[in-house]
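The residues making up each chain are set out below.
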Amino acid sequence: MSEAHDCAFQRANASFCALCKVREQSICAELDLGEMEDLAKTMAHRPVKEGKALIAEGEENDSLYIVVDGSFRLVRHLVDGRRQIVGFLFRGDYLGMQPTESSFHTAEALEPGLVCRFPHSLLDELSVRHPGIKNRLLARGQTEMHKAEEHIVLLGKKTAEERVMSFLESLRDKNEADDDTIFLSMSRQDVADYLGLRLETLSRTLAVLKKRGDLQEVSGRRITFNGSASD
Amino acid sequence: MNPKWLKYLDVNAPRYTSFPSALFFDERVGADVYESALSRVSMYEPLSLYIHIPFCRQLCWYCGCNMVVENQYERAVRYVDLLIREIEMVADTLGGCGEVVSIHLGGGTPNYLNIEDLGRIFDSIELNLGLTDKANIAIEIDPRLCETGLIKMLTKIGINRLSIGVQDFDSSVQEAINREQPYELVEACVTEMRENAQADISFDLLYGLPRQSTEGFVDTLEKAVSLSPDRISLFGYAHLPSKLKHQRVIDETQLPGKLPRYQLAEMAGRYLVDEGYVCVGFDHFAKPSNSLAVAVHAGTLKRNFQGFTDDIANATIGLGVSSVSLVRGVYAQNIKRSDEYASRVSKGKLPTAKGWIKTMEDEFWAKVISDLLCYGKTDLHEHAHISGGSLSDLMAVSRKRIISLEKDGLAEWRDGIVIIPDQAKHFSRVVAAAFDPYINRGNFSLSQAV
């Protein structure tokens, strides 16, 4: 299942890690240079192909993954085979915070991505020398639990405009480019499912938000906020 | 038929669309208990919604549902306002938990409501509880109120299962039950459904109605099958004139006797199976490719308030007058009278009137009964752990309960496995009732089991 094991970056060096965009958000930030070099020999960025599952629902997972690039959707399967989108992961997000014999959901790459994989056994070892790692993990909270809270708050919103707008804003907050345009890496159907809306309602709501001036442009997967209206 | 079975044709038994039967619900369950059950629903827990629309344009004399003939449409608009209020209250208690996987609109006549009001209900569900394109949405349709264009609009708002109350195509039977709807009307309705790519159309047929004869009912079955519905429910008419005053209009001398009544059911079941339908439970029939037939083979068939279902949800939320909810082992039935329902809901209170909290032992008997109705078979070994009691005690009790049925060939006992022989499946409710520990409590008007 783990595409991440096959990778082109196995020989990557510490300088590659030093350039990592999410280093400050990752546990690597706790390590000294020597250790980073050691780590980089085996740990560095692993590519994940679009559509591939990083961890699979119901299967064992013993590693922490940190998203370096790309995005993932978290999917749970209902008993009749239908899928429930329970969240999305973006750059800097953590996955597999605790080792488990049966993962709670599947994480599928929505686009080609990069992740770092840290076996929990290694993290335990490292934490002895660098207590900061555990603190960092704790501080990240249970990303998965946090995702659940995020989702329940979204689903609790009583108008479609509110649900869609807070979702789009959460994507914009992840946007390091710091501009008002976001690209949806997930399909509209995924967004509708995640927000508990019918596809038609989502489309209608996007149109309403544009008409209302909250959004400047909605064109396929590209959405531009109206800078003045949103501040 | 086995002559020993004759005496069972007089037996009355609950329909076991719930266990215990709603007849035994009491006031110990009120809004507070129901609310606390709702608050235990977890995230993404599949939820099934049942919405009761109690209005009809005209009274059918056989009707046993909670309904009212309504001439002032404004009342229906106000009722929809209340439904929406109830949906909001339920949503507040759920706090974002649960996922709606199926909706069933029953009645009364759901298509008494105009498309705007139906749309308002769905919009409210979507905004308060969440509604996605994956949900199965079913509606019961009175073909007499199915104006051209209605099906197209229903399809557009997401309805993907349609159930038509056919009952019988014979005009003299239709006259005797005050429900005149020529075959052509139903045909036009089905044609429009197919034109809108509806792929799950169900017919309700009733046996045991006045003036029904074997020949006449064969004709009804032929006509029904010619329209190729995806499912057919074949219910026995429940004649309870002491409880339902309007049924007194029905001339009892025209009702088929108990043996002809049984023969109608038996013949109809065989006819539909010969036509390629899969028998689901004992009174539902579905095309082999239909999800209900698939559920039979997958072992996922369930019994719920609509009869047999392939619904994946264990939790049902009932909305509107007299609707029954089942959430986390708690049954909660709403107030039946619409004025009382209105006054409770408009005060912002959940309109629960009564219900039942299932004990572990109830869960055990519920499973046994559901197995018997769905599959004609139950294995006590499989379910004993649910009850918290000892297997040998449960076996002894069960054996004792069916000993006379066994003698008469309605059930077989094979060391803890109870089997209803295929030929006896019309007596499933009789066998199920033998396991019902509440059945002898008090004097209830139960309907004829066969």
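Numbers given for residues are sequential positions, taken from 1 along each chain in its written order. Chain letters and ligand numbers both follow the written order, the letters beginning at A and the numbers at 1. The predicted nature of this model means local features are confined to residues of pLDDT at least 70 and side-chain atom pairs, given and counted, to a pLDDT of 80 or more, with totals for whole chains, interfaces and linings taken over all residues. To get the side-chain values, all heavy atoms of the structure are used, and hydrogens and water are removed first.

1. What about empty space enclosed by the protein?
Part 1: The distinction between a cavity and a pocket rests on a 1 Å grid over the protein atoms alone: a 1.4 Å probe fits inside a cavity but cannot get out, while a pocket stays open yet meets protein on both sides within 12 Å along at least five of seven lines, and a residue with an atom within 4 Å of a point counts as lining. Grid points are joined across faces, edges and corners, and a volume is the space filled by probe spheres set on the points. Under the criterion given, the structure shown has six cavities of 30 Å³ or more.
Part 2: Computed from the structure, the largest cavity encloses a volume of approximately 100 Å³.
Part 3: In terms of lining residues, the largest cavity is bounded by 14 residues, among which Leu155 and Gly196 of chain A together with Glu99, Leu129 and Gly130 of chain B are the most central.
Part 4: Here a strand is any run of E in DSSP of at least two residues, a helix any run of H or I of at least four, and the numbering for each starts at the N terminus. At the level of elements, α5 (143-155) and α7 (188-195) of chain A together with β4 (99-107) of chain B are the ones that each hand at least two residues to the lining of the largest cavity.
Part 5: Ten residues, namely Ala, Val, Leu, Ile, Met, Phe, Trp, Tyr, Cys and Pro, are considered nonpolar, four, namely Asp, Glu, Lys and Arg, are considered charged, and the remaining ones, Gly among them, are considered polar. Its residues assigned to classes, the lining of the largest cavity comprises six nonpolar, six polar and two charged.
Part 6: The space that makes up the second largest cavity amounts to roughly 70 Å³.
Part 7: Contributing to the lining of the second largest cavity are Leu155 of chain A together with Leu47, Ala91, Leu94, Gly96, Cys97, Gly98, Glu99, Val100, Asn128, Leu129 and Gly130 of chain B.

2. Considerations on the layout of surface pockets
All names here are of chain B.
Part 1: Estimates place the volume of the second largest pocket at around 740 Å³.
Part 2: Lys302, Arg303, Asn314, Leu326 and Lys358 are, among the 34 residues lining the second largest pocket, the residues nearest its centre.
Part 3: Going through the elements one at a time, β11 (302-304), β13 (315-319), β14 (324-327) and α11 (360-375) are the ones with two or more residues in the lining of the second largest pocket.
Part 4: It is α11 that contributes the most residues to the lining of the second largest pocket, eight residues altogether.
Part 5: The class makeup of the residues in the lining of the second largest pocket is 14 nonpolar, eleven polar and nine charged.

3. Structural notes on the sheet that holds strand β5 (residues 94-95) of chain A
All names here are of chain A.
Part 1: Sheet architecture is open: four strands sit in the order β1-β7-β2-β5, paired in antiparallel fashion. One side of each edge strand has no neighbouring strand; the edge strands of this open sheet are β1 (46-48) and β5.
Part 2: We call two residues contacting when some pair of their heavy atoms lies within 4.5 Å. Convention adopted: a line fitted to C-alpha atoms gives each axis, helices being fitted over their contacting stretch, and angles between N-to-C directions are expressed from 0 to 180 degrees. Contacting β2 (63-69) and β7 (113-119), helix α3 (residues 120-129) crosses the sheet at an angle of about 65° to β7. A pair of strands is treated as paired once DSSP finds two or more bridges between them.

4. Some words on the side chain of Glu126 of chain B
Part 1: On the secondary structure map, Glu126 of chain B appears in helix α3 (residues 115-128).
Part 2: Here's how the labels work: a residue is buried when its accessible area is under 20% of the maximum for its type, exposed when over 50%, partly exposed in between, all with a 1.4 Å probe on protein chains only. Judged by relative accessible area, Glu126 of chain B falls into the buried class, the value being 1%.
Part 3: Under the rule applied, a polar contact is a pair of N or O atoms within 3.5 Å (in protein, one hydrogen donor and one hydrogen acceptor; residues adjacent in sequence only if both atoms are side-chain atoms). A distance of 2.6 Å separates a polar side-chain atom of Glu126 of chain B from the backbone nitrogen of Arg198 of chain A.
Part 4: The contacts of Glu126 of chain B, once residues within four sequence positions are left out, are Arg163, Gly196, Leu197, Arg198 and Thr201 of chain A together with Leu131 of chain B.

5. Points about the pairing of β14 of chain B
Residue and element names in this part refer to chain B.
Part 1: Taking every second residue as pointing to the same face, both faces of β14 are buried, with Val324 and Leu326 on one and Ser325 and Val327 on the other.
Part 2: As judged from the four bridges shared by β14 and strand β15 (residues 330-334), these two strands associate in the antiparallel manner. Residue pairing across strands places Leu326 opposite Tyr331, the latter belonging to β15.
Part 3: Linking two consecutive strands that pair antiparallel, namely β14 and β15, is a turn of two residues; a positive phi of about 50° is found at Arg328 within it.

6. Some thoughts on the packing of aromatic side chains
Residues and elements named next belong to chain B.
Part 1: In this analysis, rings of Phe, Tyr and Trp, with Trp reduced to its six-membered ring, are considered paired at centre separations within 6.5 Å, and the interplanar angle assigns stacked below 30 degrees, edge-to-face beyond 60, and tilted for intermediate values. Using the criterion set out here, one finds 19 aromatic pairs over all chains in the structure.
Part 2: Each member of the aromatic cluster is reached from another via a ring pair, and the members are Tyr16, Phe19, Phe24, Trp356 and Tyr438.
Part 3: Throughout this description, the term charge over a ring refers to an Arg CZ or Lys NZ atom that lies within 6 Å of the ring centre and within 35 degrees of the ring normal. Over the face of the ring belonging to Phe235 we find Arg15, whose NZ or CZ atom lies 5.2 Å from the ring centre.
Part 4: Over the face of the ring belonging to Trp365 we find Arg401, whose NZ or CZ atom lies 4.5 Å from the ring centre.

7. A few points about the interface of chain B and chain A
Part 1: Taken together, the contact pairs 23 residues of chain B with 26 residues of chain A.
Part 2: Buried area adds together the accessible area that both of two parts lose upon being put together, with accessible area traced by a 1.4 Å probe. Around 2100 Å² of area is buried between chain B and chain A when both sides are counted, 49% of it from carbon and sulfur atoms.
Part 3: For chain B, the biggest contributors to the area lost against chain A are Tyr44, Leu127 and Lys134 of chain B; these three give 32% of the whole.
Part 4: By definition here, a salt bridge exists when the distance from a side-chain nitrogen of Lys or Arg to a carboxyl oxygen of Asp or Glu is within 4 Å. Connecting chain B to chain A are three salt bridges.

8. Structural notes on the domain arrangement of chain A
All names here are of chain A.
Part 1: Domain boundaries shown here were taken from an automatic or database domain assignment. Domain parsing of chain A yields domain 1 (3-154) and domain 2 (158-230).
Part 2: Each partner contributes to the interface: domain 1 provides 16 residues, whereas domain 2 provides twelve residues.
Part 3: Summed over both partners, the interface of domain 1 with domain 2 buries about 1200 Å², with 60% contributed by carbon and sulfur atoms.
Part 4: Across the contact surface, domain 1 and domain 2 share one salt bridge.
Part 5: In this structure, the salt-bridge partner of Arg73 is Asp190, at a minimum N-O distance of 2.5 Å.
Part 6: Applying the counting criterion to the domain 1 and domain 2 interface returns three residue pairs in polar contact (both at pLDDT 80 or more).
Part 7: Going through the elements one at a time, β4 (83-89) and α5 are the ones with two or more residues in the side of domain 1 that touches domain 2.
Part 8: Residue composition of the side of domain 1 that touches domain 2, by class: six nonpolar, four polar and six charged.

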